[in-house]
Amino acid sequence: MSKEENTANRPDNTAFTQQRLPAWQPMLSAGIVIPGFVIIGVAFIGIGVALFVTSQNIQVLEKDYTGIETNSSCFKCTNPRVKNCNCTINFSLDKLFEGPVFVYYGLSNYFQNYRKYGASKDAAQLTGDLAYFTEPSTSCVPYQRDAKNKPIVPCGSIANSMFNDTFKLFQIVNSGNVAVPLDGKGIAWWTDYNIKYRNPTTNPLKNAFNDTVKPIFWPRPAYELDTTNAANNGFINQDFLVWMRRSALPNFRKLYRRITEGEYAKGLPAGDYALVIGYNYPVKAFDGRKKVVFSNVSWMGGKNQFLGIAYLVIGSLCVVMSIVMLIVYAKFKFPDEE
Amino acid sequence: MYVHYSACTCMFVCELQRVYMYVCTCTTVHVHVSLNMHSVLLSQDNAIRTSKYNVFSFLPLNLFEQFQRLANAYFLVLLILQLIPEISSLSWFTTVVPLLLVLTMTAVKDASDDIVRDGRYYLLPLSECLSQADLLLLTSSEPLNLVYIETAELDGTFILKCVFPTGEVRCEPPNNRLDKFKGTLTVNGQTYALDNDKVLLRGCTLRNTEWCFGLVVFGGPDTKLMQSSGKTVFKRTSIDGLMNVLVLCIFGFLAVMCSILAVGNAIWEVREGSVFIAFLPRPNGVNAGFSAFLTFWSYVIILNTVVPISLYVSVEIIRLGNSFYIDWDRKMYYPKSDTPAQARTTTLNEELGQIKYIFSDKTGTLTQNIMTFNKCSINGKSYGRSIGETVDFTWNELADPKFVFHDPSLVELVREGDLAAQHFFRLLALCHTVMPEEKTEGELYYQAQSPDEGALVTAARNFGFVFRSRTPESIRIMEMGQEVTYDLLAVLDFNNVRKRMSVIVRSPKGKLILFCKGADTIVYERLHPSCLKESKDGLYEYAGDGLRTLALAYKDLDDDYMEDWRRRHHEANIAMDGKEERLDELYEEIEKDLMLLGATAVEDKLQDGVPQTIEQLAKADIKIWVLTGDKQETAENIGYACNMLREDMTEVFIVAANTAEGRDVTTSISCFANVITHNSSPKAYALEKDLELELLRTACMCQTVICCRVTPLQKAQVVELVKHYKQAVTLAIGDGANDVSMIKAAHIGVGISGQEGMQAVLSSDYSFAQFRYLQRLLLVHGRWSYLRMCKFLRYFFYKNFTFTFVHFWYAFFCGFSAQTVYDEWFITLYNLVYTALPVLGMSLFDQDVNDRWSSQHPQLYSPGQLNLYFSKKAFVRCMMHSCYSSLILFFIPWAAMYDTVRDDGKDIVDYQSFALLAQTCLLIAVTIQLSLDTHYWTAVNQFFVWGSLSAYFAITFTMYSNGMFLIFTSTFPFIGTARNSLNQPNVWLTILLTSILCALPVVAYRFTLIQLWPTINDKVQVRHKVRKEALPAPAPRRPPVRRISTRRSGYAFSHAQGYGELVTSGRFLLRRPQKIRTALLFPQSDSPLSQGQPQLYRPITALNRVPEEEQPAQQS
């Protein structure tokens, strides 16, 4: 008798165990899909127009100074035996180049994203840990120690290959040259400058580098990178920081200076300019190209036509697709069937 | 192998239907049985080691086992590769973290399995004590030498003790010969031979004895049943197989990708690397070939995510979850026996959604194995209705209270003294081979050899003709309260050719009467011409209802003729040759000119909902074959009763073929209803090879296939045949020991629990209490499991391929240097954290349509049978889709970021920012893809999806924070990247663009597909959606049971020959004083397992003191 009432094994009656959890079951119905495509299409076209117009308004001036062509003023500098070579590139602006103007150097066919290149540094050393000054990480090989077995600081390929061309910009006014002041402050990321790279607390900084040698390709040691500003030396030198943030792609540009001071803060006025280049960095060996780029920026960053065009194309495709789907729907009307 | 026992304490363990079961506990035994009230402990040397591990050996053994698995070994190789600095393109933790997780989870699972396995052998439910071991029967309470064996469950009540002397049993080692047993028993210096007749094999139940003592000879897996049930093969699903093939393909694909990249690296080395020396020196000089070789292995490490190792773990979790749903389902819970459904195997779920063939046992599976006397026809008038007023039998003191009849007019007729009606029931009370048992006055029990007979005699009992006792020469019955003793002159036994049985009795008044019951066709041929005008319509009606009919007739005999006949009968009986023929002739002679009394209709009660279930499964395009040990008539009858056979499928041809050995293999095929019968002798072990294909070809043209008289082995062979030649997924369902082989042979074995003991359930993959739950198991759980598993696999391959292909594209921009596109931590956590839960959520909760609609539209089942949701083709489509997505996910960020800068002029195309952008795009794109795949958004799904995305950003910002960098400087080099790039509008615009470009084509494609070629799923979903608000899903429809008048004989009688002789031999009544209790051994006829037909009761006759020639004839 009690057997019938015995329900010890009866499963629990919960929504979960009985697979009856309340649920939202969306469906790809015409009422959602077609208007959805239209809305997305219209929105994309809107964004695309905004991006395109913004991108069009950004001014960019690129000057290749590799010196491959024999008539280039920099051609003479491509000979590796020529030291401390300077060359000048002249250009003229026919209208105001709106400020703030950013000066970039650009390299192409340069594989900063090569795995072994990217790994060739010592993160701990670069935080100013003196222990790693005497014992750099093996990841820096072959730029871990020099021929005399002295530790290299900063070690590794990235640091060793730091870009070392220099640029000076002059406006040619009445056949006299007016130097355009180039501002090198704050061109690196805040986090790189404050957290990721730090100098040893040793004072003066030079002492921290006792018993170490400078990277082989460097003309001066790390604590003398900037001779004009003592605070801009060591691992927190802005140019060094910019270089150490290695590029994702083999063609890249890096920020060199900003033109933010004096009368040029509003931009470069129309006129003739001379760019004097201290040509040190050899790229000819690997078919690399060097260029200097003047550019201003907008809310969407630097000039890039792709995003705007892509948004316009995708937006239009969405609208076209919605029409196609509407036709298909009108012809077959599946959900209303039967 | 020997069993030594001494100082045995035997305990009473159980009682069932007055059968008391004792099992001995001996203190110093080799094979040892001990028990308590709730469990029987079977152990060898008091501790059979069935668990694989102990505490100390667990870790090394388990790790060793795990690393034997291909997947884990592969991981280990990767790890070793990563430790080579020249090759290592990823930090060690990217492999170690997932590997540890996988190993830990598997180890936990193995450990818990081990604990469960421990319990499975040691702690046996008390009710399974006899079904778990082969017993040597020592003694029994029963002075009667007729002991029946029944298979039914046992139950415990109280303990009783007695002590045995020391003895020793020596016997053969465990083997699978069911029909042989060799051994000796030595007690008090005396040695007794033991043979097969003296052991009780696992799977039987004793009947007709109050108690017995047994000694466990073989326990657990050593029992003959287990040994003969075929090796438990590790079952794998077809998806498993496909997955393994795909993984191999992926390995090949990985090798191809890596080779391409290695070649690319060689070219790059020659063209670019060799001149880039100043910036990236090569201390050992430029060697393109060696560099390519190293690059190959570096890319093997990076691209290893195409061979997703977490796949196997996730698949296990999903299957486990879906198995739990089966355990938890209240709609598959049978309250009457308090039995929930049980997924005993957790690795086969999705195959439940792909079944094409079901092989079903009949007795106990389709039917309840209960016979009820439903209707009868007396003098051409039909009595009994299926519903209505039940008859009150309280006037009859001896009535069986369980008997139910729905027509009071019949009782009135009998009580009024209607001669025909009384004669009808008198016949039922006299003409049978039932053994009565009356322990106390008025408390009658019938031991019937077939349940049909039991039902008929019980009916007679309730209508006032109570069969009370029999001797070989007489039958004592109560006729409407008066005791009457008939002399039993002859029993004209039943056999399958005669299809009838008769008794010749002399009433106390001296009247000689022959009572005959048998198949209508047979009896009608032998009627007196005066009876022929009687209509057969009633019989046809019964047959149309699927009832088993028997025609009843009698004949008055005169003394002289009888005297002469008896003399000839005696002569024939003692004749040396031609005995059978001569007896048949005599029977034929006397059984003619019969007077028709009427007909009985016994219902072989189907389980609830069987016809509806079969109908729904048939609609799902599942072919159902019934494999039964029963006779053709009974099986056919059930076929009609559950609508498998219909009246429009009429003729049954019997095609007989003789094999080389002269065994009969009879195949009968009807034009429309195709009934296949193997009528082979029980010793025919195999289907003949040359007939196999013919059988299969014929059977597969049929709508319905019923195989009769098949042995357990043949059942398995039929299943194997279909498995092998049709390449279809098969399911076998059964409840008894004779179904074990078939259950093991099929892809999926289902056991009906709580009917005939536990053997079928123990070897099954799924078990539940009622056949009708099969519909829910397949159409709901199976379909969902298949759908979920396929969705999971498609998505899983998609997300991993997409992830990996981006690396491939990036290789062309980084000098094939095996530079990763993503942060190494992202690579580590992508499969484990960021995408693990959402896809699990989908694979555990997703349903395209709810359970009611799933059962309502069996057509929804067909995609699984056709392998539509996941196949090689679907996999290739997946790869193409991944390829497209990865192109978008790499080249859109590439183009959008090309030569651009931040809004303050600073760098944004640096490697770290690009990595962050690429991984964010990827994660959002695959999450959107998951959202598009998810049809059923529960709160859990929402939580998983949004939670995983939030976790991604939270973890990313944490890992890229100042604090983490200051603590683990070289581990988290991405400091500040998230802050510096995720605040840029163009980064977000790029993410939006990639997401839309990945998602919209899928949406448009699916939408158009639904419009142009809607599948049945789409139709049901839409209908479901539209009507959801207005109407609830309709309640499961009960189709009216179609009854068509038939010209078919409804004869079916599950009786066997030999019992007539038994009841008249007199041997069964010899009451012998029991001289030596301890060595009293009960021989037993051959095992039920070796016999084709399921038998309810089998006699165990003869004590060991009975000389060999006195042994009663046993059925062959």
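Along each chain, residue indices are assigned from 1 in the same order as the chain's sequence is written. Going through the entries in the order they are written, you letter the chains from A and number the ligands from 1. Only residues with pLDDT of at least 70 get local features here, since the model is predicted, and only at 80 or more are side-chain atom pairs given and counted; chain-wide, interface and lining totals rely on the full set of residues. Values reported for side chains reflect all heavy atoms of the structure, with hydrogen atoms and water molecules removed beforehand.

## Concerning the overall build of chain B
Counting from the N terminus, the helices are DSSP H or I runs at least four residues long and the strands are E runs at least two residues long. Counting its secondary structure elements, chain B contains 33 helices and 38 strands. For this analysis, residues touch if any pair of their heavy atoms sits within 4.5 Å. Sequence-distant contacts, at least 24 apart, represent 74% of the contacts inside chain B between residues at least 6 apart. Only the protein chains shown count as cover for residues, and all accessible areas are computed by the Shrake-Rupley method using a 1.4 Å probe. Surface exposure of chain B reaches about 43000 Å², of which carbon and sulfur atoms provide 59%.

## Section: the state of the cysteines
Two cysteine sulfurs form a disulfide in these notes if their separation is within 2.5 Å. Enumeration according to the criterion identifies three disulfides over all chains in this entry. Here A:Cys77 is linked by a disulfide to A:Cys85, with a sulfur-sulfur distance of 1.7 Å. Sign of the S-S torsion, about -55 degrees for the bond between A:Cys77 and A:Cys85, identifies this disulfide as left-handed. Working definition: with a 1.4 Å probe on protein chains only, accessible area under 20% of the residue-type maximum means buried, over 50% means exposed, and in between means partly exposed. Residue classification places A:Cys77 among the buried positions, given a relative accessible area of 5%. Look at A:Cys85 and you get buried, because its relative accessible area is 5%. Here A:Cys140 connects covalently by a disulfide to A:Cys155, the sulfurs 1.9 Å from one another. You can see A:Cys140 sitting in the loop between α5 (131-134) and α6 (157-160) and its partner A:Cys155 sitting in the loop between α5 and α6, a full 15 residues away along the chain. Listing the disulfide partners of chain A by sequence rank of the bonded cysteines yields 1-4, 2-3, 5-6. The closest cysteine sulfur to the non-disulfide-bonded B:Cys258 is located on B:Cys814, 13 Å from its own sulfur.

## What about the UniProt feature "transmembrane region" (unreviewed entry) in chain A?
UniProt positions are given in the numbering used here, feature names are shortened, and annotations may be inferred rather than shown by experiment. Mapped onto this structure's residue numbering, the UniProt feature "transmembrane region" (unreviewed entry) falls at residues 32-53 and 309-330 of chain A. Helix makes up 100% of residues 32-53 of chain A and strand 0%, whereas the separation of the span's terminal C-alpha atoms amounts to 31 Å.

## A short note on the UniProt feature "binding site: Mg(2+)" (unreviewed entry) in chain B
Residues and elements named next belong to chain B. Under the UniProt annotation, "binding site: Mg(2+)" (unreviewed entry) lies at Asp 361, Thr 363, Asp 735 and Asp 739. The annotated residues occupy 379 residues of the chain but converge on a single region, no pair of C-alpha atoms lying more than 10.6 Å apart. Within the secondary structure, Thr 363 is located in the loop between β17 (355-360) and β18 (367-378). Classification of Thr 363 as buried rests on a relative accessible area of 10%. You can see Asp 735 is positioned in the loop between β34 (729-734) and α19 (740-745). Looking at Asp 735, the relative accessible area reads 0%, which means it is buried. A distance of 3.5 Å separates a polar atom in the side chain of Asp 735 from a polar atom in the side chain of Thr 365. Pairs of N or O atoms within 3.5 Å make up the polar contacts considered here, provided that, within protein, one atom can donate a hydrogen while the other can accept it, and that residues adjacent in sequence are counted only when both atoms are side-chain atoms.

## Quick look at the nonpolar core
For this analysis, a nonpolar core means a set of buried residues of the types Ala, Val, Leu, Ile, Met, Phe, Trp, Tyr and Cys, connected via side-chain atoms within 4.5 Å. Counting 201 residues, the largest nonpolar core has A:Trp243, A:Leu268 and A:Phe294 as its most contacted members. Counting residues per element, this core draws most heavily on helix α21 (residues 773-811) of chain B, at 18 residues. Where each domain begins and ends follows an automated or database-derived domain assignment. Taken domain by domain, the makeup of this core includes at least three residues from each of domain 1 (30-58 + 302-338) and domain 2 (59-296) of chain A. Not counting residues within four places of it along the chain, the set of residues in contact with A:Trp243 comprises A:Tyr105, A:Leu107, A:Tyr110, A:Gln112, A:Tyr117, A:Ile158, A:Ser161, A:Met162, A:Phe163, A:Phe252, A:Lys254 and A:Tyr281. Counting 61 residues, the second largest nonpolar core, distinct from the first, contains B:Leu398, B:Ala399, B:Phe403 and B:Ala421.

## Points about the environment of B:Tyr725
Residue and element names in this part refer to chain B. Take Tyr 725: it is sitting in helix α18 (residues 712-726). Of the residues examined, Tyr 725 reaches a relative accessible area of 38% and is grouped as partly exposed. Taking the C-alpha atoms as reference points, Tyr 725 and Arg 788, 63 residues apart in sequence, are found 29 Å from one another.

## A few points about the interface of chain B and chain A
Residue-level contacts link 106 residues of chain B with 98 residues of chain A. Once two parts are brought into contact, the accessible area they lose, counted with a 1.4 Å probe and summed over both, makes up the buried area. The junction of chain B with chain A conceals about 8800 Å² of combined surface from both sides, 63% of it contributed by carbon and sulfur atoms. Broken down residue by residue, the surface that chain B buries against chain A is led by B:Phe279, B:Arg330 and B:Phe1007, which jointly contribute 9%. For the salt bridge of B:Asp910 with A:Arg245, the shortest nitrogen-to-oxygen distance reads 2.5 Å. Connecting chain B to chain A are 38 residue pairs in polar contact (both at pLDDT 80 or more). If one sorts the elements of the side of chain B that touches chain A by residue count, helix α31 (residues 985-1012) of chain B sits on top with 17 residues. Classes in brief: Ala, Val, Leu, Ile, Met, Phe, Trp, Tyr, Cys and Pro nonpolar; Asp, Glu, Lys and Arg charged; the others, Gly included, polar. Considering only residue class, the side of chain B that touches chain A consists of 53 nonpolar, 27 polar and 26 charged. Alignment of strand β1 (residues 23-24) of chain A against strand β37 (residues 937-938) of chain B, held across two bridges, turns out to be antiparallel. Bridge pairing links A:Trp24 to B:Trp937 in β37(B). Think of a salt bridge as a Lys or Arg side-chain nitrogen and an Asp or Glu carboxyl oxygen that are within 4 Å of each other. Two strands pair if DSSP finds at least two bridges between them.

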